[in-house]
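Chains, contacts and geometry: an overview
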Amino acid sequence: GAGVSQSPSNKVTEKGKDVELRCDPISGHTALYWYRQSLGQGLEFLIYFQGNSAPDKSGLPSDRFSAERTGGSVSTLTIQRTQQEDSAVYLCASSFYGRGDEQYFGPGTRLTVT
Amino acid sequence: DQQVKQNSPSLSVQEGRISILNCDYTNSMFDYFLWYKKYPAEGPTFLISISSIKDKNEDGRFTVFLNKSAKHLSLHIVPSQPGDSAVYFCAVYFSGNTPLVFGKGTRLSVIA
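Residues numbered from 1 in each chain as written. Chains lettered and ligands numbered in written order. Predicted model: local features only at pLDDT ≥ 70, side-chain atom pairs only at ≥ 80, totals over all residues. Heavy atoms only, no water.

What to know about the pattern of salt bridges
For the record, the criterion: For this document, the term salt bridge refers to a Lys or Arg side-chain nitrogen within 4 Å of an Asp or Glu carboxyl oxygen. Where helices and strands are cited, they refer to DSSP runs of H or I of at least four residues and of E of at least two residues respectively, numbered from the N terminus. Exposure categories follow from relative accessible area, calculated using a 1.4 Å probe and restricted to protein chains: below 20% of the type maximum is buried, above 50% is exposed, and the middle band is partly exposed.
The final tally for this structure, using the stated rule, is six salt bridges over all chains. Lysine 17 of chain A serves as the salt-bridge partner of glutamate 14 of chain A, at 3.9 Å between the closest nitrogen and oxygen. Between aspartate 84 of chain B and arginine 61 of chain B there is a salt bridge, with the nearest N and O atoms lying 2.8 Å from each other. One end of the pair, aspartate 84 of chain B, is in the loop between strand 8 (72-77) and strand 9 (86-93); the other, arginine 61 of chain B, is in the loop between strand 6 (56-59) and strand 7 (62-67), and 23 residues separate them in sequence. The exposure class assigned to aspartate 84 of chain B is buried, which follows from its relative accessible area of 2%.

See below:
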């Protein structure tokens, strides 16, 4: 079956522009997660959705970052007024129930802010 | 301060030998430990896990060992194969509904 998909796979943007990153989780998975991996770093948790609500947004680094999930499925991560330090690979994962379950990751979106 | 440390950024092993990847954590509250494997341009994939009530979990060529007193876990791959070449991340959490905390990863190269 289809895994987690993310689009675009690569995004180059100028500093100060807004970007939207999309995640399509595995069908039927209720939990969805966003992470980012900066160069030489581990995966950094950003936000967790259960259904359409986000009980844990503790990892969002600033108010320039926001995310939403609609229909219990697709999620969009939006970064406003991008900065060079936002350059990273943004990974989405989903799991069937919640945090205790195995997370399935998408291939990521590589964001480069010039 | 890092809660999860993988102190070896890279490891090179000959095919057929044992690969040992190490991970240290700081918080004794963590009670669930996982290893993920990542190939270039792909997302991480779950490999093996262990809960704090065990000290060893084995799955084929992969074994994870947990030393709670030392706050240390390790992943053993034996025998190592060229297809095992990837970045390995350890991840931990405690079951009070918290995020996974990942280490920075160790790049394993298995040389034929």
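Side note on empty space enclosed by the protein
Basically, it comes down to this: For each structure, a 1 Å grid was placed over the protein atoms alone; sets of points admitting a 1.4 Å probe that cannot get out are labelled cavities, open sets with protein on both sides within 12 Å along at least five of seven lines are labelled pockets, and lining residues have an atom within 4 Å of a point. Grid points are joined across faces, edges and corners, and a volume is the space filled by probe spheres set on the points. Only Asp, Glu, Lys and Arg are considered charged in this grouping, and only Ala, Val, Leu, Ile, Met, Phe, Trp, Tyr, Cys and Pro are considered nonpolar; every other residue, Gly among them, is considered polar.
Inspection of every chain in the model, using the stated rule, returns one cavity of 30 Å³ or more. In this structure, the largest cavity spans a volume of roughly 40 Å³. What lines the largest cavity is simply Tyr33, Tyr35, Phe45, Arg99 and Gln103 of chain A together with Tyr93, Thr98, Pro99 and Leu100 of chain B. Classifying every residue of the lining of the largest cavity gives six nonpolar, two polar and one charged.

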